Amino acid sequence: MVGDQAINGSNDNDSKQTIDISTLDKNNIEWNHIDARRDIHNAIREGDIGRAFNLIEKHFPNLIRIYNTINRMETTPEDKATLPKSHCIIYKLRCQQFVETLRSSGPIEAIQFAKFYFRSCSKIYKELTHDATSLIAYTDLESHDRSSQRHRDKIADEVNEMILESQHFSPQTALEKLWRQKIAIQVELDNQKRQASSRDQQESENTKIPM
């Protein structure tokens, strides 16, 4: 049949061009992960951090599992350099949730939130914890950078990169990758040209007739 030949190849010569459509299922493409990342990114940008955490736990549970496992250790490492990058980013997201709680529900609710969620990580990320909790003293919270839309966007991007890396994808865009490849190729071509020019010059000097 024509349809079968178009997919599977009509003869042995076409076998190398055969496309195995069985590999194009949802388990390989993971379209649901793309939608989930978009929803998480939007939730953080909108300040709905609780929803963002629910989505992360639903679609990327291993990230939350690792974070919670580290936090439950009897002796949590005080050197954050020994911890996975995702641990710090998730704590940053908790800090942003504290800010959003302070903004929407006031200092009492925010303090209760901090007591529950910051306890296990406050010693590891002292600066992050201090930057977040110090906002309680601000009468004009909206004037602080941590409550700005720019900061929300920054956290959203960091979380998106964390998820991509956890799925073994590069956070670089396709355009960035092409640009880096172009630069690398250009550097290599320039090196080859310089080497060829140097060889030609050396050969020219060697073939000069002595006076």
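Not measured: the values here are computed from a predicted model. (Residues numbered from 1 in each chain as written. Predicted model: local features only at pLDDT ≥ 70, side-chain atom pairs only at ≥ 80, totals over all residues. Heavy atoms only, no water.)

Asks: Teacher, can you tell me more about the packing of helix α6 (residues 85-105) against helix α9 (residues 149-166) here?
Replies: Geometrically, a packed helix pair is captured by the angle between its two axes and the distance between the axes. Following both chains from N to C, one finds α6 and α9 inclined at 150 degrees, their axes separated by 10 Å at the closest point. Relative to α9, α6 is oriented roughly antiparallel. α9 is crossed by α6, and the crossing has left-handed handedness. The segment α6 lies against α9, with Lys85, Ser86, Ile89, Ile90, Lys92, Leu93, Gln96, Glu100 and Arg103 engaging His151, Arg152, Ile155, Glu158, Val159, Met162 and Glu165. (Axes fitted to C-alpha atoms, helices over the stretch in contact; angles between N-to-C directions. Helix = DSSP H or I, 4+ residues; strand = E, 2+ residues; numbered from the N terminus. Parallel < 35°, antiparallel > 145°, perpendicular 65-115°, else oblique. Left-handed = near helix turned anticlockwise from the far one by under 90°. Contact = heavy atoms within 4.5 Å.)

Asks: I tried to follow the nonpolar core on my own but got confused; where do I start?
Replies: For soluble globular proteins, nonpolar side chains are generally found buried alongside one another. Residues Ile40, Ile44, Tyr91, Leu93, Phe98, Phe118 and Val159 are the most contacted members of the largest nonpolar core, which totals 39 residues. Those elements giving two or more residues to this core turn out to be α3 (31-45), α4 (49-59), α5 (61-71), α6, α7 (107-117), α8 (126-133) and α9. In terms of residue count, α6 provides more of this core than any other element does, eight residues in total. If we ignore the near neighbours within four places in the chain, the residues touching Phe118 are Tyr91, Arg94, Cys95, Phe98, Phe113, Thr129, Ala132 and Thr133. (Core = buried A, V, L, I, M, F, W, Y, C linked by side-chain atoms within 4.5 Å. Buried < 20%, exposed > 50% of the residue type's maximum accessible area, 1.4 Å probe, protein only.)

Asks: I keep staring at the confidence of the model for the protein chain and nothing clicks. Help me out?
Replies: Any residue range with low pLDDT should be treated as having predicted coordinates unsuitable for detailed reading. Across the protein chain, the average pLDDT comes to 80, with 73% of residues at or above 70. For the protein chain, per-element mean pLDDT is lowest for helix α1 (residues 2-8), which scores 39, and highest for α4, which scores 97. Predicted confidence is poor over residues 1-29, with pLDDT under 50, and the contacts of this stretch with residues over four places away or in other chains come to eleven contacts. (pLDDT = per-residue confidence, 0-100.)

Asks: What is the right way to read the pattern of salt bridges from this model?
Replies: Any two side chains of opposite charge can pair, given that their charged atoms come close. With the rule as written, the count across this model stands at nine salt bridges. As a salt-bridge pair, Arg38 and Asp35 come within 3.5 Å of each other at their nearest N and O atoms. Of the two residues, Arg38 and Asp35 are both situated in helix α3; the distance of three residues between them amounts to about one turn of the helix. Under the relative-accessibility criterion, Asp35 is labelled partly exposed at 35%. A salt bridge links Arg150 to Asp145; the shortest N-O distance between them is 2.5 Å. Taking the relative accessible area as the measure of exposure, Arg150 reaches 53% and is therefore exposed. Given the relative accessible area of 34%, Asp145 is considered partly exposed. (Salt bridge = Lys/Arg side-chain N within 4 Å of Asp/Glu carboxyl O.)

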